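Structure assessment
Chain residues, written in single-letter form:
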Amino acid sequence: MKGGNQDRWEVDFSIELGDLTLKNPMLAASGTYGYGRELNNIIKTDEFGGICTKSITPLARDGNEPPRIAEVKMGMLNSIGLANVGVHAFIQDKIPFLQSLDTNIIVNVAGFTIGDYVEVIQLLEEIDGIDGYEINISCPNVKGGLEFGSSAKSAAKLTKTLRSETDRFLMIKLSPNVTDISEIALAVEGEGANAVSLINTLIGMGIDINSEKPILKNVYGGYSGPAIKPIALAMVQKVYHSVNIPLIGIGGIMNAEDVIQFMLAGATAVQLGTVNFLNPTALTEILDDLVAIAESKGIRKISDFKGRLKEWE
Amino acid sequence: MRVLSNEKIALNIYSLTFESTALLLESLPGQFVNINVDGEDSPFFRRPFSIADVSQDSVEIIYEVIGAGTWILSTMAAGDSIDIIGPLGEGYDLNFSGSKSILIGGGVGIPPLMFLYNKMKEQGIELQFLAGFKSVAHNYIPRRITNVQYSSDDGSLGTKGYVTDLLTESLLNNEVKHIYACGPEPMLRKVIEIADENEIRCSVSVEKVFGCGTGICMGCVIENSLKRFTETGRKYSLVCMEGPVFDSGDVNL
Ligand SMILES: Cc1cc2nc3c(=O)[nH]c(=O)nc-3n(C[C@H](O)[C@H](O)[C@H](O)COP(=O)(O)OP(=O)(O)OC[C@H]3O[C@@H](n4cnc5c(N)ncnc54)[C@H](O)[C@@H]3O)c2cc1C
Ligand SMILES: Cc1cc2nc3c(=O)[nH]c(=O)nc-3n(C[C@H](O)[C@H](O)[C@H](O)COP(=O)(O)O)c2cc1C
Ligand code: FES
């Protein structure tokens, strides 16, 4: 939207995610927005429809040894390894700021055993101002971290347990590093998940030919950024045809066109990840540009884009 | 933001100035700006540069062309628009309390010390400036900065050898309360060793690859010796947010 304000095309950006109403379909992706506060003097954090926090585990974690990020073609590799302050410090130091925001707070939870997830959620159930949980069953960085996400059976079991612990919005974040992502989406839907978010990072690796070593100390890392968008779109489109719960599309979103593509493929909302590192004000630009795209297509309600993907004759 | 000038000032080294903002006017020595040199393609990450000077109208950075990102930067011209965020990070402690100080830098580690020099001069702090370069052709320190003692690898400028040799020598004759250092890691390690031997407080500015520069990716870690929680667990500190300037005793370089 480059023009003046008088004739601004009015677009209703709000969307429904289960019982939650988001003022717009853009959430900050876990691990790419810290605890919500860091960028608050560059962009108003509550412009987001929601914030997914860094993955929270029962105890503080230092994460993997550096180097643990690297730039590669059209994206980056990370092997942060779930570094976080732990649930207790999270509640004490990070929650008060999050509570003060006028946006939906989705706490991302990670663990190595079902007990880890339960412990974090039980503590967070006591806290006001949390709108839901995103369950990271897919972080490829830590040994064992892939387990719940890599089989439909274990994903279903975890979802079932967590469903019995909370009535809050429960979203399962799916891994792309599996044979059939739809099967896992179906399994967690069957156990009462309110939504699925996809995709987490793809397993990748870089090699330095001078040192003849992997570029990450951890050898493998998660690939994110524009390079993974085609893969993410295909997975969203597939899962959209398999389940009825809402999908949150993630992967390489850099601009408004990307957001529309995910919505056409079936996503109700999207998450902005790596783009926050490159362009902390991306959200503001995306909101403006979405108005222009909606106007060009005569659309007044952003949710009308959802699943509008047409078939070839 | 708009580029005001971009000039070669030494071998492979450029000075770039751009429009100042209210926020940038408050920049402190040791803080940096993070520049998106090429949209979203390649290089992918932003590139961090220390602030070399700030005035009412402009901010200066000084950079060496060493790869694709800095090469693209060197092709920018006055009037071009440039995507910059900053000031970022924690700079040097400016609580000088009239102490005698040494600023010691190597190569393109010197720009933040030039900014610090200005602040110290404003406050009348007594200081010594030690600067090391590969050769005289690499020297870009402006004339207004006086009393600099130089070293160079090939002896074409000042004393032949390491800038840390100048430090050792200087400490023999002077009582110094605080050393401020910025430069390549091997140089910093040597500075810290000398500071420790002489029991002098030492602040170092550290470089790591930055994914974001704003404290959200948790990639730019350095091992610390703080024994308390940081933003990223306990063992590491974030260089971009908790640094880039650290007290030498707080980090393990
Ligand atoms: C806090 C800070 C302040 C700095 N200040 C200055 C300065 O005042 N003047 C100056 O000339 N240089 C400075 N640097 C270094 C400068 O950022 C790198 O030289 C630049 O990023 C190289 O980019 P390139 O694409 O040209 O080179 P590349 O080919 O990408 O890389 C060459 C080398 O630069 C380093 N590097 C690459 N990307 C990054 C990154 N995102 N963050 C940090 N280092 C990286 C790596 O060690 C690499 O080996 C600073 C770095 C940091 C972290
Ligand atoms: C540095 C970094 C850290 C991340 N940390 C987490 C995390 O803690 N938990 C999680 O569920 N996903 C994490 N992710 C994955 C992102 O939330 C997102 O799913 C992925 O990066 C793909 O989206 P993008 O291409 O837009 O970045 C992380 C990604 C990056 C780049
Ligand atoms: S560079 Fe991202 S946290 Fe420091």
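This one's a predicted model, so the numbers in the text were calculated from it and none came from an experiment.

Thresholds, definitions, all that
- Residues numbered from 1 in each chain as written.
- Chains lettered and ligands numbered in written order.
- Predicted model: local features only at pLDDT ≥ 70, side-chain atom pairs only at ≥ 80, totals over all residues.
- Heavy atoms only, no water.
- Domains from an automatic or database assignment.
- Contact = heavy atoms within 4.5 Å.
- Buried area = accessible area lost by both parts, 1.4 Å probe.
- Near = heavy atom within 4 Å.
- Polar contact = N/O pair within 3.5 Å; in protein donor to acceptor, adjacent residues only side chain to side chain.
- Areas by Shrake-Rupley, 256 points an atom, 1.4 Å probe, with all protein chains shown as cover.
- Helix = DSSP H or I, 4+ residues; strand = E, 2+ residues; numbered from the N terminus.
- Nonpolar A, V, L, I, M, F, W, Y, C, P; charged D, E, K, R; others polar.
- Buried < 20%, exposed > 50% of the residue type's maximum accessible area, 1.4 Å probe, protein only.

1. What about the domain arrangement of chain B?
A common way to state how big an interface is: give the accessible area lost once the parts meet. All names here are of chain B. Each domain of chain B was delimited in the assignment, giving domain 1 (3-88), domain 2 (93-206) and domain 3 (208-253). Relative to domain 2, the C-alpha centre of domain 1 lies at a distance of 23 Å. In this complex, domain 1 contributes 16 residues to the contact, which on the side of domain 2 involves 15 residues. Carbon and sulfur atoms make up 69% of the surface buried where domain 1 meets domain 2, a total of about 1,300 Å² over both sides. Counting the surface domain 1 buries against domain 2, the share from its top three residues, Leu11, Pro29 and Ile62, is 36%.

2. Re the site of ligand 1
All names here are of chain B. Around ligand 1, the surrounding shell holds 20 residues, and the nearest of these are Pro48, Ile62, Gly69, Thr70 and Lys208. Between an oxygen atom of ligand 1 and a side-chain N or O atom of Arg47, the distance comes to 2.9 Å. In isolation ligand 1 has 850 Å² of accessible area, and contact with the protein removes 79% of it. Only strand 4 (47-50), strand 6 (58-64) and helix 2 (68-74) provide two or more residues apiece to the shell around ligand 1. Looking at which element gives the most residues to the shell around ligand 1, the answer is strand 4, with 4 residues. Residues of the shell around ligand 1, tallied by class, amount to 11 nonpolar, 4 polar and 5 charged. Per-domain counts for the shell around ligand 1 show at least three residues from each of domain 1 (3-88) and domain 3 (208-253).

3. Observations regarding the environment of Thr168(B)
Residues and elements named next belong to chain B. The residue Thr168 is located in helix 4 (residues 163-173) in this model. Residue Thr168 is classed as partly exposed on the basis of its relative accessible area of 39%. Each C-alpha atom of the pair Thr168 and Ser225 lies 26 Å from the other, and the pair is 57 residues apart in sequence. Of note is the side chain of Thr168, whose polar atom sits 3.0 Å from the backbone oxygen of Thr164.

4. Notes on the site of ligand 2
Residues and elements named next belong to chain A. Taken together, 24 residues form the shell around ligand 2, and within it Ser30, Ser55, Lys173, Gly252 and Thr274 come nearest. At 3.2 Å, a side-chain N or O of Asn136 approaches an oxygen atom of ligand 2. Within the side chain of Thr274, an N or O atom sits 2.6 Å from an oxygen atom of ligand 2. Considered class by class, the residues forming the shell around ligand 2 number 7 nonpolar, 15 polar and 2 charged.

5. Brief notes about the side chain of Asn36(B)
With respect to the secondary-structure elements, Asn36(B) resides in strand 3 (residues 32-36). Of the residues examined, Asn36(B) reaches a relative accessible area of 11% and is grouped as buried.

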